[in-house]
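# Residue-level structural notes
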Amino acid sequence: MVFRKKDNIQLKTPEQIALMRKAGLVVAHALQAVENAVAVGVTTKELDAIAHAVIRDAGATPSFLGYHGYPAAICSSINEEVVHGIPSDRQLLEGDIISIDCGAIVNGWHGDAALSVMVGNASADVLKLSKVTEASLWAGLGQARAGNRLSDIGHAVEQCVRARGDYGILEDYVGHGIGTSMHMAPPIPNYGDPGRGPVLKVGMVLAIEPMVTMGSPEVQVLIDGWTVVTADRSWASHWEHTVAITEDGPWVLTALDEVRL
Ligand code: MF3
Ligand code: CO
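Definitions and cut-offs
Residues numbered from 1 in each chain as written. Chains lettered and ligands numbered in written order. Predicted model: local features only at pLDDT ≥ 70, side-chain atom pairs only at ≥ 80, totals over all residues. Heavy atoms only, no water. UniProt positions renumbered as here; feature names shortened; annotations may be inferred. Helix = DSSP H or I, 4+ residues; strand = E, 2+ residues; numbered from the N terminus. Donors = N, O, S within 2.8 Å, 3.2 Å for Na, K, Ca; no water. Buried < 20%, exposed > 50% of the residue type's maximum accessible area, 1.4 Å probe, protein only. Expected span 1.5 Å × (residues − 1). Arc of directions from axis to C-beta. Salt bridge = Lys/Arg side-chain N within 4 Å of Asp/Glu carboxyl O. Near = heavy atom within 4 Å. Polar contact = N/O pair within 3.5 Å; in protein donor to acceptor, adjacent residues only side chain to side chain. Nonpolar A, V, L, I, M, F, W, Y, C, P; charged D, E, K, R; others polar. Axes fitted to C-alpha atoms, helices over the stretch in contact; angles between N-to-C directions. Parallel < 35°, antiparallel > 145°, perpendicular 65-115°, else oblique. Left-handed = near helix turned anticlockwise from the far one by under 90°. Contact = heavy atoms within 4.5 Å. Pairing = 2+ DSSP bridges.

Here, the residues flagged by UniProt with the feature "domain: Peptidase M24" (unreviewed entry) are residues 19–247. Structurally, residues 19–247 comprises 28% helix and 27% strand, and the distance from its first C-alpha atom to its last is 17 Å.

What follows is the structure, encoded as structure tokens:
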């Protein structure tokens, strides 16, 4: 989507953030169920059905399904696939890394989160890739505080990744504001100098989502029109949370537990 400078960042009341927590918890439960189901031989379509059932049984709506024609409730991206992989009859193999992205709507409010899971025993390098990406997400979440500037988030993500090795950080895909739509202003890059961009305010809700590769940050979209793969076919990891900026600091709305940083 195209963001313009005049695009305002939606501010939520505490009551609206409480509703977004409900959506976030649905996403957390769906992702937990999918993570528990990941095993050798399982297909990504089966994982999609599990997430869809959790969302439906909670009385919520899967936000991805039908989004610009997207055909599933989750994105499932394996190995060199970074994001937006479409669930299929492909079976998971020992050593694969699969990133699962999920979104749900409760009473018109959105939650969006993603995690990476190893299938069976993965190589130490791939395990580290996922750990580094997850750590960089939490570094970014910790910057979601009133008074900070937007670019403090991307700066923290990038510093965390760079300190841990020679990785690629995607530039073509970024995080986003979230609320009454899944993708709202502002775009949130996972890199950059600190102290730039809008001042963060209580009531903003952001989806922070580092996408990190073991090689180049360059990506291509497959002919299915969705699946984003690394140009050099190096493996990738994607982690995401929706976080609210509150008077008391960051509230991670898509965490299973009550996490306030
Ligand atoms: N969480 C993803 C993102 O923010 C959304 C997936 S796009 C969809 O990019 F089409 F699958 F919904
Ligand atoms: Co997102």
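Here we come to the coordination of the cobalt ion (ligand 2). For the cobalt ion (ligand 2), the full set of protein donor atoms is Asp 112 (OD), His 176 (NE2), Glu 209 (OE) and Glu 240 (OE), and the range of their distances to it is 2.1 to 2.3 Å. Mapped onto the sequence, the residues coordinating the cobalt ion (ligand 2) show the spacing D-x63-H-x32-E-x30-E. Here His 176 is found in strand β7 (residues 175–177), whereas its partner Glu 209 is found in the loop between β9 (205–208) and β10 (211–213), with 33 residues between them in sequence. Summarising the burial analysis for this pair, His 176 and Glu 209 share the class buried.

With that settled, the discussion passes to helix α2 (residues 44–57). Compared with an ideal rise of 1.5 Å per residue, which puts 14 residues at 20 Å, α2 spans 20 Å between its outermost C-alpha atoms and is within 8% of the ideal. All of the buried residues in α2 are Thr 44, Leu 47, Asp 48, Ala 51 and Ile 55. Buried residues of α2 fall within an arc of 100 degrees about the axis and therefore sit on the same side. Projecting away from the buried face of α2 at angles above 90 degrees are the exposed residues Arg 56 and Asp 57. Looking one or two residues past α2, Gly 59 carries a phi angle of roughly 75 degrees, positive in sign.

A side chain of one charge can pair with a side chain of the opposite charge when the charged atoms of the two come close. Counted under the stated rule, the structure contains five salt bridges. For Arg 56, the salt bridge identified is with Asp 57, shortest N-O distance 3.9 Å. Of the two residues examined, Arg 56 and Asp 57, each falls in the exposed class. One salt bridge in this structure joins Glu 81 and Arg 90, with 3.4 Å as the shortest N-O distance. Glu 81 gets classed as buried once you look at its relative accessible area, which sits at 12%. The partly exposed category is assigned to Arg 90, whose relative accessible area is 34%. Each member of the salt-bridge network shares a partner with another, and the members are Arg 21, Glu 258 and Arg 260.

Near ligand 1 there are 13 residues, and of these Asp 101, Asp 112, His 176, His 183 and Glu 209 occur at the shortest range. In the environment of ligand 1, an oxygen atom lies 3.1 Å from a nitrogen or oxygen atom belonging to the side chain of His 84. In the model, a nitrogen atom of ligand 1 is placed 3.4 Å from a nitrogen or oxygen of the Glu 240 side chain. Considering only residue class, the shell around ligand 1 consists of six nonpolar, three polar and four charged.

Where helix α3 (residues 124–141) meets helix α4 (residues 151–164), the closest approach of the two axes is 8 Å, and the angle between their N-to-C directions is 150 degrees. Judged by the angle between their axes, α3 and α4 are roughly antiparallel. Between α3 and α4 lies a crossing of right-handed hand. Two secondary-structure elements touch here, α3 through Lys 128, Val 132, Ala 135, Ser 136, Ala 139 and Gly 140 and α4 through Ile 153, Ala 156, Val 157, Cys 160, Val 161 and Arg 164.

In this fold, Ser 63 is placed in the loop between β1 (61–62) and β2 (74–78). Given a relative accessible area of 8%, Ser 63 falls into the buried group. Setting aside chain neighbours within four positions, we find Ser 63 in contact with Gly 103, Ala 104, Ile 105, His 110 and Met 182.

This paragraph deals with the pairing of strand β15 (residues 249–252). Bridge count for strand β14 (residues 241–246) against β15 is four bridges, and the pairing is antiparallel. Across the sheet, the residue bridging to Val 243 is Val 252, located in β15. The hairpin turn running from β14 into β15, its antiparallel successor, is two residues long.

On any regular strand, side chains alternate: one points to one face of the sheet, the next to the other face. Burial along β9 is two-sided: Val 205 and Ala 207 facing one way and Leu 206 and Ile 208 facing the other are all buried. Inspection of the sheet shows β7 paired to β9 by two bridges, in the antiparallel sense. What sits directly across from His 176, in β9, is Ala 207. Judged from the four bridges that link them, β9 and β14 form a sheet pairing that is antiparallel. Looking at the pairing, Ala 207 lines up with Thr 242 of β14.

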